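Survey of secondary and tertiary structure
Take a look at the letters that make up each chain.
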Amino acid sequence: MKIYVVSGLGADFKVLERLQFPKDHEVVFIDWLIPDNDESFSSYVTRMAEKIDDSEPFYLLGYSFGGIMVQEINLLKPAEKVVILGSIKSDKEKSRLIKMGEITKIPKYIPVNFFNLKTLETYSVFRKFFDPKNPKVNQYFKVTDPYYLKWSVQRITEWKFEQKNNVIQILGDRDIVFPLKNSKPDYIIKGGTHLFPATKYKEVSLLLNKIFI
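Just so it is clear, the structure is predicted and the values come from calculations on it, not from any experiment. (Residues numbered from 1 in each chain as written. Predicted model: local features only at pLDDT ≥ 70, side-chain atom pairs only at ≥ 80, totals over all residues. Heavy atoms only, no water.)

**Observations regarding the pairing of strand β1 (residues 2-6)**
- Taken across its 5 residues, β1 has 4 buried, putting it largely inside the fold.
- As paired elements, β1 and strand β2 (residues 26-29) share 4 bridges and run parallel to each other. Bridge assignment links V5 to a residue of β2, and that residue is F29.
- As defined by bridge partners, β1 adjoins strand β3 (residues 58-63) across 5 bridges and the pair is classed as parallel. Bridged to V5 within β3 is L61. (Buried < 20%, exposed > 50% of the residue type's maximum accessible area, 1.4 Å probe, protein only. Helix = DSSP H or I, 4+ residues; strand = E, 2+ residues; numbered from the N terminus. Pairing = 2+ DSSP bridges.)

**A word on helix α2 (residues 65-76)**
- Spanning 12 residues, α2 covers 18 Å between terminal C-alpha atoms, matching the ideal 16 Å at 1.5 Å per step.
- Listed as buried for α2 are F65, G66, G67, I68, M69, V70, Q71, E72, I73 and N74.
- Taken together, the buried residues of α2 touch β1, α1 (41-49), β3, β4 (81-85), α6 (146-158) and β5 (167-172). (Expected span 1.5 Å × (residues − 1). Contact = heavy atoms within 4.5 Å.)

**Brief notes about helix α8 (residues 201-211)**
- Buried residues of α8: Y201, V204, S205, L207, L208 and I211, and no others. One face of α8 carries all of its buried residues, which in axial projection span an arc of 165°. Among the exposed residues of α8, those oriented more than 90 degrees off its buried face are K202, L206 and K210.
- For α8, the elements touching its buried residues are β3, β4, β5, β6 (187-189) and α7 (196-199). (Arc of directions from axis to C-beta.)

**Looking at the pattern of salt bridges**
- Taken as a whole and judged by the stated rule, the model has 7 salt bridges.
- For E17, the salt bridge goes to K14, with nearest N and O atoms at 3.4 Å.
- The class for K14 is partly exposed, based on a relative accessible area of 30%.
- Ionic pairing is found between R47 and E39, a salt bridge with its closest N-O pair at 2.8 Å.
- For E39, a relative accessible area of 7% gives the class buried. (Salt bridge = Lys/Arg side-chain N within 4 Å of Asp/Glu carboxyl O.)

**What to know about the nonpolar core**
- Ranked by size, the top nonpolar core spans 35 residues in total, and within it W32, F41, Y44, M48, L60, M69 and I73 carry the most contacts.
- Mapped onto this core, the elements with two or more residues apiece are β1, α1, β3, α2, β4, α6 and β5.
- Excluding anything up to four places from it in sequence, Y44 contacts W32, L33, I34, P35, E39, M69, Y148 and W151.
- Counting residues in hydrophobic clusters, the runner-up holds 25 residues, among them F21, L61, I170 and L208. (Core = buried A, V, L, I, M, F, W, Y, C linked by side-chain atoms within 4.5 Å.)

In structure tokens, the structure reads:
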């Protein structure tokens, strides 16, 4: 069976490269697309879902913003199971910071050029917020198109979603982006920051081999 995988906001698949999936399954990575100008979230999800062959059973796995994406894709093309790593099952689990962005709508008014190459150094410092003790943190974030970044931040703050039954959530107990206190995950990674798929890959791999049977 195929496991379709979507990585996190601005991240390529390097953050997930050490995960060991069941050998009898085929892992298919879905790259982020650059949103069209003023593209709606539903339109974007539909385009991402085009890469999935739903003529046969499949699994979905998403990390961080990718976790939100695979849950939306699941509405269009239902999977046997949906696993989210370092992500949330509904808008009720948003952090205080994300809720503040939703209420104030600040992300909407941030100019696109805030995310351009001239400010990537500042963005690099912000990334370390995910895991300040990880010297490799910057290596995981490669998708730096300014419009994609702005558009994605807006979609995260605006996201509304009701929890679905076939979603399995794995969270790190030291995740600052999506704090454990806001969720009731199926599995908890001890000592895991937001980058736990990369730093705690052995524990995560054991769980994935248990889940994807």
